[in-house]
Amino acid sequence: MTKDFRQFALTPPRGWNSWDSYGASVREDEVKRNADYMSQHLKSAGWQYVTVDIQWYEPTADSSKYHNFAPLVMDEYSRLLPDPGRFPSAANGQGFKPLADYVHRLGLKFGIHIMRGIPRQAVHQATALKGTTKTARDIALNNICPWNADMYGVNVDLPEGQAYYNSLMDLYASWGVDFIKCDDIANSVIYQGTHKKEVQALRQAIDQTGREMVLSLSPGPAPVKNGAFFQQTTNMWRITDDFWDDWRLLLNMFDRAEEWSAMSQPGTWPDCDMLPLGHIGLRSVDGPGGDRQTRFTKAEQRTMMTLWCLMQSPLIMGGELPDLDEWTSSLLTNADLLEMDDQITSKHQRYRDQQLVVWEAQSPQHHYFAIFNLSEQDLDLTPALLKRFAIPVDGETIWPEQTSLKGVPTQTLAAHDVYLLKN
């Protein structure tokens, strides 16, 4: 009997992804050093996934800008393989197994990014499909990705189309992959939303391997009308386009969080995207651009972490882990915050206007309240304001930089900051 895929991610997954730092160009040594850091400093706080993002099969990748129609590394069955120039342990057809083994020895889990579909070069060359007499050209659909030229879609109405996805997932299972991030599938601006047939094909392909692999869909914004479909097929799905260190994007996330928070349930998690914290943009030139420390203020970083955890989004760190400073490390390892993220059983936005947002959440142990200051000015947290929203003054603060309101007539909440407490 196939195990229910929801069991693979009963709490929101936490991990690291290479995109915010390296774009399409990450190399094996860089993955290893981030995995080493996670194992030593973050694993004890529940961080476990190490994911290689897009185009690990593209030898000339050097940033987050794609080289359209560049030759890709591929096997005889139309399946992409890691470039040995960037991933030396993948030489001689070993694929990602040696790197996955390395990550597993650290007590962590290994993930890869894939694009929906079958390589364009496989279609043009009419290369073979494992276990069938058809070729890549026979199963290809011209519903191509609008922002990356590597792939055609797959006609999964044909048994050979499903067989292709099965052979992909069989290969990844043999490598020891624990996490699949599939792109150009949760939402398409050209093909009217979610590529449902290929999502279902991926679900079936993973299930038939017998291996526990978390399935994550990108990019967003995923259509809210498809929420129930995602819950039946996948562990996490992006509710936004690429998220970067820009207050306007964070402000917009409050709308998405309100829409999606009820869908966050054990095993199925709406995904607010990666956390652009710490040192980012080492070779990724997207977002605000440049090799930089995050442009979010400390107040905005608290707000982002609080909102992600209140709605129980997966937490996927985008910054270079070995370069973490004490402040950023404290954000990622705040025990009260992460306990809230893991254990909430209900949550919702209680109030919103142009300046103020109030959220409430409940776990078996605690009652949580958050006041977000969306304005450009300080906000006075007065007894009258707390009484208006029935927020107890004797709650414990979760962010250590803030003090209890008990016995304090007024406390100031800075612009773009959040006050988070538990009872």
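Everything discussed here concerns the structure shown above.
Residues numbered from 1 in each chain as written. Predicted model: local features only at pLDDT ≥ 70, side-chain atom pairs only at ≥ 80, totals over all residues. Heavy atoms only, no water.

Applying the stated rule across the entire model yields 18 aromatic pairs. Taken together, a centroid distance of 4.9 Å and an interplanar angle of 80° make the contact between Phe254 and Phe372 edge-to-face. With Phe254 in helix α9 (residues 247-260) and Phe372 in strand β16 (residues 367-373), this residue pair connects regions lying 118 residues apart in the sequence. With a relative accessible area of 0%, Phe254 lands in the buried category. Here the aromatic residues Trp56, Tyr57, Phe87, Phe96, Phe110, Tyr172 and Trp175 are joined through ring pairs into a cluster of three or more. The aromatic ring of Trp327 is capped on one face by Lys298, whose charged end is 4.9 Å from the ring centroid. (Phe/Tyr/Trp six-rings, centres within 6.5 Å; stacked < 30°, edge-to-face > 60°. Helix = DSSP H or I, 4+ residues; strand = E, 2+ residues; numbered from the N terminus. Buried < 20%, exposed > 50% of the residue type's maximum accessible area, 1.4 Å probe, protein only. Lys NZ or Arg CZ within 6 Å of the ring centre and 35° of its normal.)

Below, the discussion takes up helix α2 (residues 28-42). Every α-helix winds through 3.6 residues per turn, so residues three or four apart in the chain are directed the same way. The terminal C-alpha atoms of α2 lie 20 Å apart, and with 15 residues this matches the ideal 21 Å at 1.5 Å per residue to within 8%. Buried residues of α2: Glu28, Glu30, Val31, Asn34, Ala35, Tyr37, Met38, Ser39 and Leu42, and no others. In this structure, the buried side of α2 is in contact with β1 (14-17), α1 (19-22), β2 (49-52), α3 (97-105) and α11 (326-332). (Expected span 1.5 Å × (residues − 1). Contact = heavy atoms within 4.5 Å.)

Next up on the list: the layout of surface pockets. Each pocket or cavity is described by its volume, and for the largest pocket that value is around 360 Å³. Lining the largest pocket are 23 residues, with Trp147, Asp183, Pro219, Asp241 and Asp242 positioned closest to its centre. Its residues placed into classes, the lining of the largest pocket shows nine nonpolar, five polar and nine charged. (1 Å grid on protein atoms, 1.4 Å probe; cavity = no way out; pocket = protein on both sides within 12 Å on 5 of 7 lines; lining within 4 Å. Points joined across faces, edges and corners; volume = space filled by probe spheres on them. Nonpolar A, V, L, I, M, F, W, Y, C, P; charged D, E, K, R; others polar.)

Tallied over the full model, the rule gives 26 salt bridges. Of the charged contacts, one joins Arg116 and Glu198 as a salt bridge, the two residues approaching to 2.8 Å between their closest N and O atoms. With a gap of 82 residues between them, Arg116 in the loop between β3 (109-115) and β4 (118-119) and Glu198 in helix α7 (residues 196-209) connect regions that are remote in the sequence. Residue Arg238 is joined to Asp273 by a salt bridge in which the shortest nitrogen-to-oxygen separation is 3.4 Å. Residue Arg238 is located in strand β9 (residues 236-238), and its partner Asp273 is located in the loop between β10 (269-271) and β11 (279-280); the two are separated by 35 residues in the primary sequence. Relative accessible area serves as the criterion here: at 2%, Arg238 is assigned to the buried category. (Salt bridge = Lys/Arg side-chain N within 4 Å of Asp/Glu carboxyl O.)

Right, let's talk about the side chain of Arg116 for a bit. Exposure remark for Arg116: the relative accessible area of 2% places this residue in the buried category. Side chain to side chain, Arg116 and Asp184 meet in a polar contact 2.8 Å long. Within polar-contact distance, the side chain of Arg116 engages the side chain of Glu198 at 2.8 Å. (Polar contact = N/O pair within 3.5 Å; in protein donor to acceptor, adjacent residues only side chain to side chain.)

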